[in-house]
Amino acid sequence: MKRKILAVILLLYLLVACAAPSATKAVVRVPTTLRTLAQTHHILLGTAVNMDALQHDAAYASTLAHEFDVVTPENVMKFDAVHPEKDIFTFAKADALVAFAKAHDMQIRGHNLVWYQALPKWIENGSFTRDQLLAIMKDHIFTVVAHYRNQVNIWDVVNEAVTEDGKMQNSIWYRVIGPDYLDWAFRWAHEANPQAHLFYNDYGAEGTNAKSDAIYALVKGMLQRGVPIYGVGLQMHTSILNAPAEQAVIANMQRLAVLGLKVQITEMDVQIQGDTRPMAQRFSVQAHVYSDMLAACLAVKTCEAFVMWGFTDRYTWIPGATKHSDAPLIFDTAYHAKPAYISIIHELKN
Ligand code: XIL
């Protein structure tokens, strides 16, 4: 009998407790998503977007719209995609992503203007002189950045210009123009859209090592020459076997902050291949890598964005690039949240 009474009291209490707020004032329930939680920390939470998936997979599009507030075109804004011939620019696919982003109140990370990969044949085989290649680079930057003025306000201007041992990447830009090609690229991007935040973006330079030292020196030099660089993109393509230490990432972000530069994590994914532990354990370690790197970003005021290179294992570039199957992202191939997703939510809630 006593038990029954207690149960009834408990039930009544629960009813009153649940009803009370809505009786006194309207309660707006904000769904817990990555983007809504990230906003409370004033950082952007984003992903690269595969345009074929966006256009053909409804679950992909709805998850994207629900969870993220900044998108990076995975391929459709690259040089070969938008500038396939000397006098031809093709913006249709990139425009479609920009329209999607606008419809869902998302920002766009323009990616990228100057890189040694994704170059069309007419550039690779052009045998241009220094002056000709400079003019081509200027025309490319002016046309693309101006096309998206007022729509794309974050640009990866130069991508991957430094090698893993800290030398300058022997790209066509470096070979034909020389090391000052970076300065010109940033100056012209700034001229084409003075509002845009201009980034140097690279991988394997998240913590402190020879490459991040070289990038630190590179961007410091640019600032001393008055080049309009705004920040450094830390790609964060990593693995459960060799993720950078959180403290090292914080230290690297902080030394860039002292120079006056912002940082964004721009392309995070965490490979699980080459590890013999059971899957569940690997996913748990993967979850920690994601939350540790997010924690680093949240610990440093100048870290503005946490962007992953995709969000579902259904479409990840890793198997194509490594020739091994993998599952480096935060949703599985059926769009179920993996431990990594949960750990990011927890990190954002704390
Ligand atoms: C990758 C894409 O994900 C692939 O689909 C494409 O085949 C090659 O490029 N660093 C970058 C990205 O800055 O542009 C790369 O994207 C991944 C590594």
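Residues numbered from 1 in each chain as written. Predicted model: local features only at pLDDT ≥ 70, side-chain atom pairs only at ≥ 80, totals over all residues. Heavy atoms only, no water.

### As for the overall build of the protein chain
Right, so step 1: A count of helices and strands for the protein chain gives 15 helices and 9 strands.
Right, so step 2: Taking 350 residues into account, the globule formula puts the C-alpha radius of gyration at 20 Å, and the protein chain, at 23 Å, falls close to it.
Right, so step 3: With the C-alpha coordinates aligned to their principal axes, the bounding extent of the protein chain is approximately 95 × 40 × 40 Å.
Right, so step 4: Across the 350 residues that make up the protein chain, the buried fraction comes to 51%.
Right, so step 5: Counted over contacts in the protein chain with a minimum sequence separation of 6, partners at least 24 positions apart contribute 77%.
Right, so step 6: When the accessible surface of the protein chain is totalled, it reaches about 16,300 Å², and 56% of it is carbon and sulfur.
Right, so step 7: One way to put it: in the protein chain the 30 positive side-chain charges average out to a point 8 Å from where the 33 negative ones average out. (Helix = DSSP H or I, 4+ residues; strand = E, 2+ residues; numbered from the N terminus. Rg over C-alpha atoms; globule rule 2.2 N^0.38 Å. Buried < 20%, exposed > 50% of the residue type's maximum accessible area, 1.4 Å probe, protein only. Contact = heavy atoms within 4.5 Å. Areas by Shrake-Rupley, 256 points an atom, 1.4 Å probe, with all protein chains shown as cover. Lys, Arg positive; Asp, Glu negative; His and termini not counted. Charge placed at Lys NZ, Arg CZ, Asp CG, Glu CD.)

### Overview of unusual backbone geometry
Right, so step 1: In this chain, His 111 is followed by Asn 112 through a cis amide linkage whose omega measures -10 degrees.
Right, so step 2: Along the chain, Asn 112 turns up in strand 3 (residues 107-114).
Right, so step 3: Residues other than glycine seldom take positive phi values, yet Asn 150 does so here, at roughly 75 degrees.
Right, so step 4: Relative to the helices and strands, Asn 150 is located in the loop between helix 8 (130-147) and strand 4 (154-159).
Right, so step 5: Residue Glu 160 is not a glycine yet carries a positive backbone phi of 55 degrees.
Right, so step 6: With respect to the helices, strands and loops of the structure, Glu 160 is situated in the loop between strand 4 and helix 9 (172-176).

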